[in-house]
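Here is what each chain is made of, one letter per residue.
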Amino acid sequence: MLLVPCPNCGPRNSADLTYRGEASARPNPATTTPKEWRDYLYSEDNPAGWLKETWYCSSGCRRFFAVERHTVTSEFREPPLPGSKTPKPLGDVGGRAVVGDASELEGEQ
Amino acid sequence: MIGTNRGPRYSGAGLLWRGLRKSNWPRVWRDTPLKKSYDVVVVGGGVHGLATAYYLAANHGITNVAVLDKAYLGSGGSGRNTAIVRSNYLTPEGVAFYDRSLALYKSMSADLNLNVMFSERGHLTLAHTDSAVRTMRWRAEVNKLQNIDSSVIGPDEIKKIAPSLDTSPHTRYPILAALYHPPGGTIRHDAVVWAYARAADAYGVDLHQKTEVIDIECAGGSNPDGKGEGAKVTGVKTSKGDISARVVVNCTAGWAGLIAGMAGLKLPITTHPLQAAVTEPVKVFLPTVVVSGSLHVYVSQTDRGELVFGASVDPFATYDMGGTLDFTEELAGHVLELMPAVSKMRLLRQWAGLCDITPDYSPVMGFTPVEGFFCDVGWGTYGFKAGPVSGEQMAKCVADQATPELIAPFALSRFEHGMLVGEKGAAAVGH
Amino acid sequence: MMRRLEPQSGEFIDRSQPLKFTWNSKKLVGFAGDTIVSALLANNEQIISRSMKYHRPRGVLSADYWDPNTTVQVGDEPNVRAGHRLLETGIKVSAQNVWPSLAYDIKAANRLAGRFLTAGFYYKTFMKPQRLWPLYEKVLARFAPGGVVDLNTPHGYHDKRYAHVDVVVAGAGPTGLAAAISAAQAGMSVMLVEHNHRVGGHLLWGSDQDRETAAELANLAKVAGVEILTDSTVTGRYDDNWVAIAQRNHPGVVERLIKARAKTLVVAAGLIERPYVFAGNDHVGVMLSGAARRLINNYAVRPGHKAVVLTANAQGDATVSDLERAGVEVVAVVDGRKGQTISSASGSSKQLKTVITSDGSKLEADLLVTAVGWTAPTSLLNMAGDRPSYNPTAARFFPTALPDNVLASGGIVGDGSLDELIAHGRSTGKLAAQRAAVIQHRLRTTVTRAVKPDGTEPPLPQDTRKPLVIAPHPELYRADTHGMVDYSEDVSSKDLLGAAAEGFDSVELVKRFTTATMGPSQGKLETVNTVAVLAEAKGETIEQVGTTVWRPPYAPISLGALAGRVFEPVRVSSIHEWHEANNMTPILAGQWIRPEHYGDPNAEVANVRNNVGIIDVTPLGKLDLRGSDVTKLLNLVYTNKWSKLPIGAVRYGIMCAEDGVVFDDGVTGRLSENHYLMSTTSSGAAQVWQWLEMWLQTEHPEWQVHVTPVTTGYTSINIAGPKSRELLNRLVDDVDLSSEAFPYMNVRIGTIAGVSNCIMWRIGFTGELSFEVHVPSGFGLHVWEQLLAQGADLKVHPFGLEAQRIMRLEKGHFIVGQDTDGLTKAPTTGLTPLIKLDKEDFAGKPELQWSLDAGAAGLPVLVAITPNDPSLVPDEACQILRQGTTEIVGRITSSRFSPTLQRSICLGQVASEFAAAGTELTMRLCDGSDATATVCTHHAHFDPEGVRLRG
């Protein structure tokens, strides 16, 4: 199990945290266009490399923090300070809908 | 049917004859050098890519086609899934699409002259809460309207179909009902890959293994490098040499975003591993596929006697296929909730495959803003089931230069318009 | 005819403790310390199993855990490794995969058909006629190998352990022991894990002096404080050295899973002996040198009477002297180092008779021992990212690159004398300890808020170990004949060559096509031979062909051990025991167990409508919000406006995600200037909390708001019905409950039945006059019982979830997640007036703006529906069709028979063209028949004006 470096709690098992996806800036809702907004909602960089992402220390200090992780080697870089501007739509966290009865979701091939 | 039928047909008589003469079968597909130019280059030698190439040749007479795979054929999701097929989806679009796929699977052994061992053993999706029961009924009702054999059954009937399930009412997750789908089942996934590969090869399609795509060459696009929106595809750079081609079909999973990136496109995809595991074999006792959405587990028993398990995708995006211990722990816990009697069976092997997850759990298919660059990607955890129909429809899309009706709902442009596909409609949908 | 030898100096058996057991119902006796295999062989039972496909009789091959020929059924446990499992008194052992018996197996007829049943034959036949394939499939399934699952096997008790150790050492041979000792002497806590029942590795079946050395090392390890686990296996190495250990000898459990975050992992797994491929190599009586040596030295069992030994290394040579000492006549020693090999072995189905060497000599023997080389079990190193490479000099694979926190020692990395191996182990243990210290420092300094401990991070110690030598070993893989490569899958070298000729010519493809290496022995014995035969087929070197990736687990692990005790908590309210004692029918709602009803939900409805009822609504999510910026937060997460909410008022709101989809709803009340209580749906409580925290921490860290979840801090009771005020009044003195002083949609704080600081709000999900009270949960039961006691004359009666669902449907309130789904945008719910687009910002605003700008075009509409036949209750989820077609235009989302209205009532989502009041709808019922229904004017079927709840 991956160790995720929570800046508050130290390295914690990834199961103790909630992944909140790529850290992308929220467009200004007053001036945004459909293209820009839906890019924010749906588009992903999804790199095979360093990815800036948000985690929620859901079983620990309950802080949101941004961190850079390498998506191939699973290394983390020195975490930035908590509280960077990184909201994502709740419905689309890492492919698991949390809208409605999330427990009913499954993957199956 | 194998059109030009270069090689000998497979048959029991053939086995007998070769057994007596002690002679080997000829190569299942040719080993050919990379040509300088192809009409169509398919990236990804899995079920989707090979089926696309096969149907291009068989249905549309386009045979100057190359299929490229960076490893061996079927090395990605096609060989890593748990080989379950079914068509009891939630939306009419989904049902029609997967039903066509199931029909192609059903006749595949005869059509392609290779036994893919389709086992129509039935598929049970368990419901442990009344909201899950409601969703099962929703699916059953939509299915029935399209003449799909699908119904909601109660614990007694479930127990008759799968006696190993604990259907008593006092478990932590009591089994209240199930969606029963008799036409669902399992299939030998590698055989599907080989059947398409062999059949495509017989039409003259070139299959290139260990041939990695390094770049896609484009011109005229809006990006500084000439890629991106408005560009036209001119060729493909590979680890084995350059190819000129005006049509490139991206049939990859896990790397779909990276291949699209080579054409200057960004996709609504995050890549997550999906893990699976298999036990040591025991005598066959589980006659159907059993799925529990609430418990994130699905299980079937192979003809060899192994239990094959799968779960939901890993919670965070990664390209690392190392697998986790927590997956096996959660899996085993939930399997024992359903079938306490298997506690002494042993897990033999675990593995992972990469899944490209889209926001609405539906694929991205057809045209893209780059001319000549087609996508058949974003298949999440259900790509294997859709392999045949995707190949058939992608071939039609490429050959006709028009989007076939069956895949119209899955256009990339839907995200820009906020028109997501309804499979997300109930979060309670099992894929 | 017993094969037990005179006492041996290294024997594990205790001859004073005979143990009775049965083998295929035959009564036999072994000794304590025997494995099942050694006991069987001592009783001259040579055939232990039948092979998977050809049902060839099989005997001992490696006489250890990895032996593919000796898996048996023990009682209700299938696939027991008889070469490893210790004999216990009274166990019932039986052969697997035999029919009707081990000795006379009818399926052995498959052998005759062998040349037609080449690997993958099933892909080439049974295609037509298609309808017969299910029959063929049933026949094929009969050939499934393995034991039997008894469907009455109990779940059993399983446990897990988290071990907090610095260094885990996998393998307790001489190098592993030495590594553990020096790591422990350097101050680290060390766990040493040995797969077998005793530590010492190959020393145990060596000389007396070897065993003395093993005992000395074991003693040193104990003294150094090493925790030694025997009969335990490191089954996996996962991210960041998350190490899994299956412990098989923990009292009281079949197997226990131990998990440890090792700072460093030392892999000293030794070497696994590789079989030789030749005709008859799977014949009963052909075994590996390690098997012969273990049987003789550790179990005092004579492996045969007349032996031929094929040796290419020191272990093979030692076997010769062991055999001779055991009284076995060694008829020939075939030396692989001199280019001699074996061509074939044959005999009857019961015993080996003839061995033919490569120079054509025909030898009579009932035992053929081979010692042709080793496979490095690099599985754990694979899991750490290493891809081993082949070294033709040593005829085995070696690791190439390991991460800093994984070290390998012993046979996996080289050869040497016992002293050299121990020295390498020691230096490895020292390095492991040094690195563990650095990694420990690194882990500590990850915490940014903490004071940096211990100054700057020391550099990672470099690997300065003196490497072990790599000793030459002949490359012996296949003779000039064909034999088994994978015993458990019945895959021969001929099958592999045939598959390669067909084009399945990469190691992965050949594996998939033939199933070689995929059986229960996980390729431990088979992988390298598979690669070697493929290399031969392709005319390439083994190095060019490469090897497959070994995946976890290293050894099979039981599902019970992985599951452990499943911790799936349930939640109950403080009134739960009362519900249980009072005829509750429970229902599971997420983690909560709640009363569905207390006998008759319809009567419960009637009582609420006519008198007064109370319901335990504790699972309702509750968040305590405090701070000067709460209003800003509410304005951001709800679609409606909150700036002017007076103190003492509550308001309803819906929350949308950024895509405009409804994800929760509830009421929030203002308790004082900067203090609010928010309620959420029961299932949404955790998500809403996270949602609020996310906005506060990421987008608006400057806002002053504290969010505290208080869902279970309060017991929540809804008192509903025309007499609810009268009832509550009897318990409350300090709050004026009159309609004037405490109007609908207001909140008060007061004392109920002597319990102060209760929050009361006047809302009405049921459509009746009602008060929802939130009582500090320690007093929940007290207030509940007081309500019942004080209201007896008012006919107060508890009601459950079902009655509430009926009443909310009568009242037309939708439930998020039931009447809405994952694509339902806010306008569908009919609450467009609550979407305030003139607010500066709120979650999901742009999507809702564009949607409403387009007149909510394309969005379905939630409507109340009444079936035209009032006695007909359509099932929830049944579909609404365009009349005369099968086109779906909507669905019923909720339906009940209303005891109040004495008719069926529904909510449903329909396409907008069907949403106008009075529209006739066609419903397709679950039985396939159609029925008509009509769209209603209001969502509320009952009291649409809300007279009752405002009363």
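Residues numbered from 1 in each chain as written. Chains lettered and ligands numbered in written order. Predicted model: local features only at pLDDT ≥ 70, side-chain atom pairs only at ≥ 80, totals over all residues. Heavy atoms only, no water.

## A short note on the overall build of chain B
Going by this rule: The secondary structure listing takes helices from DSSP runs of H or I that are at least 4 residues long and strands from runs of E that are at least 2 residues long, numbered from the N terminus. As defined in this context, the radius of gyration uses C-alpha atoms, and a globule is described by 2.2 Å times the residue total to the power 0.38. Working definition: with a 1.4 Å probe on protein chains only, accessible area under 20% of the residue-type maximum means buried, over 50% means exposed, and in between means partly exposed. Contacts are assigned to residue pairs with any non-hydrogen atoms lying within 4.5 Å of each other. For accessible areas, the Shrake-Rupley method is used with a probe of radius 1.4 Å. Any residue's cover is judged against the shown protein chains and nothing else. Positive charge is attributed to Lys and Arg, negative charge to Asp and Glu, and no charge count is given to His or to the chain ends. A charge is said to be at NZ when it belongs to Lys, at CZ for Arg, at CG for Asp and at CD for Glu.
When you go through chain B residue by residue, the secondary structure sums to 11 helices and 19 strands. Taking 22 Å as the expected radius of gyration for a compact globule of 431 residues, we find that chain B reaches 22 Å, a close match to that expectation. Taken along its principal axes, the extent of the C-alpha atoms in chain B is 65 × 65 × 40 Å. Across the 431 residues that make up chain B, the buried fraction comes to 70%. Long-range pairs, those at least 24 residues apart, make up 75% of the contacts in chain B with a sequence separation of at least 6. Element-wise, carbon and sulfur atoms account for 53% of the exposed surface of chain B, whose accessible area totals about 12,400 Å². The averaged location of the 40 negative side-chain charges in chain B is 7 Å from the averaged location of its 40 positive side-chain charges.

## Thoughts on the overall build of chain A
Assigned secondary structure in chain A consists of 1 helix and 5 strands. Within chain A, the fraction of its 109 residues that count as buried is 58%. The long-range share in chain A, meaning contacts at least 24 apart out of those at least 6 apart in sequence, stands at 50%. Carbon together with sulfur atoms contributes 48% to the accessible area of chain A, which is approximately 3,800 Å² in total.

## Details of the interface of chain C and chain B
Note the threshold: The term buried area means the drop in 1.4 Å probe accessible area that two parts suffer when joined, counted for both and summed. Think of a salt bridge as a Lys or Arg side-chain nitrogen and an Asp or Glu carboxyl oxygen that are within 4 Å of each other.
At the interface, 100 residues of chain C touch 96 residues of chain B. With both sides pooled, the region where chain C packs onto chain B buries about 8,500 Å², and carbon together with sulfur makes up 58% of that total. Considering only the side of chain C, the residues that lose the most area to chain B are Y123, R512 and L559 of chain C, jointly responsible for 9% of the buried surface there. The interface formed by chain C and chain B includes 11 salt bridges.

## Focus on the packing of helix α4 (residues 208-223) of chain C against helix α8 (residues 418-444) of chain C
All names here are of chain C. The condition is simple: For every element, the axis is a line fit to its C-alpha atoms; helices are fit only across the contacting stretch, and the angle between N-to-C directions ranges from 0 to 180 degrees. When an angle is under 35 degrees it counts as roughly parallel; over 145 it counts as roughly antiparallel; between 65 and 115 it counts as roughly perpendicular; any other value is oblique. In a left-handed crossing the near helix is turned counterclockwise from the far helix by less than a right angle, and in a right-handed crossing that turn is clockwise.
Packing of α4 against α8 leaves a shortest axis separation of 13 Å and a crossing angle of 15°. Taken as axis vectors, α4 and α8 run roughly parallel relative to one another. Taken as a pair, α4 and α8 cross one another with a handedness that is right-handed. Note on element contacts: α8 touches α4 through L418, I422 and R426, opposite D210, T213, L217 and L220.

## Things to note about the confidence of the model for chain B
Stated formally: Each residue carries a pLDDT value, the predictor's own confidence for that position, ranging from 0 to 100.
For chain B, mean pLDDT is 92; residues scoring 70 or higher make up 97% of the total. Contacts from residues 425-431 of chain B, a stretch scored under 50 in pLDDT, to residues over four places away or in other chains number 35 contacts.

## Overview of the packing of aromatic side chains
Where we set the bar: Under the pairing criterion, centres of Phe, Tyr and Trp rings, with the six-membered ring standing for Trp, must be within 6.5 Å; the plane angle then separates stacked pairs below 30 degrees from edge-to-face pairs above 60, leaving the rest tilted. Geometrically, a charge over a ring is one whose NZ (Lys) or CZ (Arg) sits within 6 Å of the ring centre while staying within 35 degrees of the ring normal.
Counted by the stated rule, this structure contains 38 aromatic pairs over all chains. Pairing F97 of chain B with F410 of chain B gives two aromatic rings, centres 5.4 Å apart and planes at 75°, and the pair type is edge-to-face. Here F97 of chain B is found in helix α3 (residues 92-106), whereas its partner F410 of chain B is found in the loop between α10 (383-400) and α11 (413-416), with 313 residues between them in sequence. In this structure, F97 of chain B and F410 of chain B share a single accessibility class: buried. Here the aromatic residues W29 and W194 of chain B together with F121, Y122, Y123, F504 and F513 of chain C are joined through ring pairs into a cluster of three or more. Here the basic side chain of R172 of chain B rests over the ring of Y173 of chain B, its NZ or CZ set 4.6 Å away from the ring centre. The ring of W66 of chain C is capped by K524 of chain C, whose NZ or CZ atom sits 4.5 Å from the centre of that ring.

## Here's the deal with the environment of G61 of chain B
All names here are of chain B. Mapped onto the secondary structure, G61 falls in the loop between α2 (47-60) and β2 (65-68). Looking at G61, the relative accessible area reads 54%, which means it is exposed. Along the chain, G61 and L34 lie 27 residues apart, while their C-alpha atoms are 20 Å from each other.

## A look at the domain arrangement of chain B
All names here are of chain B. Condition: For the purposes of this description, domain bounds are those given by an automatic or database domain assignment. Polar contact criterion, stated in full: a pair of N or O atoms within 3.5 Å, where within protein one must be able to donate a hydrogen and the other to accept it, and residues adjacent in sequence count only if both atoms are side-chain atoms. Polarity classes work like this: nonpolar for Ala, Val, Leu, Ile, Met, Phe, Trp, Tyr, Cys and Pro, charged for Asp, Glu, Lys and Arg, and polar for all others, with Gly in that last group.
If you check the domain split of chain B, you get domain 1 (32-114 + 189-269 + 360-427) and domain 2 (123-183 + 271-357). At the interface, 29 residues of domain 1 touch 31 residues of domain 2. Here domain 1 packs against domain 2, burying approximately 2,400 Å² in sum over the two surfaces, 63% of which is carbon and sulfur. In this structure, the connection of domain 1 to domain 2 is made through 9 residue pairs in polar contact (both at pLDDT 80 or more). Breaking the side of domain 1 that touches domain 2 down by element, the ones donating at least two residues are α3 and α8 (256-262). Among the elements that take part in the side of domain 1 that touches domain 2, α3 stands out by supplying 5 residues, more than any other. Of the residues in the side of domain 1 that touches domain 2, the class split is 16 nonpolar, 10 polar and 3 charged.

## A word on the sheet that holds strand β21 (residues 352-357) of chain C
All names here are of chain C. The cut-off we apply is this: What makes two strands pair is DSSP finding at least two bridges between them.
The strand order across the open sheet formed by 3 strands is β20-β21-β22, and the pairing between neighbours is antiparallel. Here the strands that pair on one side only, and so sit at the sheet edges, are β20 (342-347) and β22 (362-364). The sheet shows a mean angle of 25° between the axes of neighbouring strands, direction not considered. When β20 meets β21, the two strands line up antiparallel, connected through 5 bridges. Pairing of I342 across the sheet is with T357, part of β21.

## Some words on the environment of S379 of chain C
Residues and elements named next belong to chain C. Examined against the element boundaries, S379 turns out to sit in helix α7 (residues 379-383). Under the relative-accessibility criterion, S379 is labelled buried at 2%. Separated by 35 residues in the primary sequence, S379 and G414 have C-alpha atoms spaced 16 Å apart. Apart from the residues within four sequence positions on either side, S379 is in contact with W550, R551 and Y554.

## Focus on the nonpolar core
Our working definition: To form a nonpolar core, buried Ala, Val, Leu, Ile, Met, Phe, Trp, Tyr and Cys residues must be joined to one another through side-chain atoms within 4.5 Å.
Judged by nonpolar contacts, the single largest core of 144 residues is most densely connected at Y196 of chain B together with V168 of chain C. If you tally residues by element for this core, the top one is helix α7 (residues 189-202) of chain B, at 9 residues. In this structure, this core is formed jointly by two domains, domain 1 (32-114 + 189-269 + 360-427) and domain 2 (123-183 + 271-357) of chain B, each of which donates at least three residues. Beyond its immediate chain neighbours, meaning those up to four positions away, V168 of chain C contacts M191, V193, V234, V243, I245, A260, A262, T264, L265 and V266 of chain C.

## A closer look at the sheet that holds strand β3 (residues 18-22) of chain A
Residue and element names in this part refer to chain A. Taken in spatial order, the 3 strands make up an open sheet running β3-β4-β5, and their pairing is antiparallel. Every interior strand has two partners, whereas the edge strands, β3 and β5 (64-70), have only one. Here the average twist between neighbouring strands, direction ignored, is 35°. As judged from the 7 bridges shared by strand β4 (residues 50-56) and β5, these two strands associate in the antiparallel manner. Counted as the bridge partner of E53 is V67 from β5.

## So, unusual backbone geometry
Cis geometry is found at the peptide bond from P552 of chain C to P553 of chain C, where omega equals -5°. For M117 of chain B, which is not a glycine, the phi torsion comes out positive at approximately 55°. You will see that A300 of chain C, though not glycine, has its phi angle at about 55°, which is positive. When you line up the elements, A300 of chain C lands in the loop between α5 (289-299) and β18 (306-311). Accessibility expressed as a relative area gives 0% for A300 of chain C, which makes it buried.

## Quick word on the side chain of S492 of chain C
Tracing the sequence through the fold places S492 of chain C in strand β29 (residues 491-492). According to the relative accessible area criterion, S492 of chain C is buried, its value standing at 14%.

## Remarks on the packing of helix α1 (residues 34-42) of chain A against helix α21 (residues 845-853) of chain C
Between α1 of chain A and α21 of chain C, the least distance of the axes is 10 Å, while the angle of their chain directions is 135°. Between α1 of chain A and α21 of chain C, the angle is such that the two are oblique. In the crossing of α1 of chain A with α21 of chain C, the sense of the turn from one axis to the other is left-handed. Where α1 of chain A approaches α21 of chain C, its residues P34, W37, R38 and L41 of chain A are matched on the opposing element by P846, E847 and W850 of chain C. Of the residues assigned to the contact of α1 of chain A with α21 of chain C, the class counts are 5 nonpolar, no polar and 2 charged.

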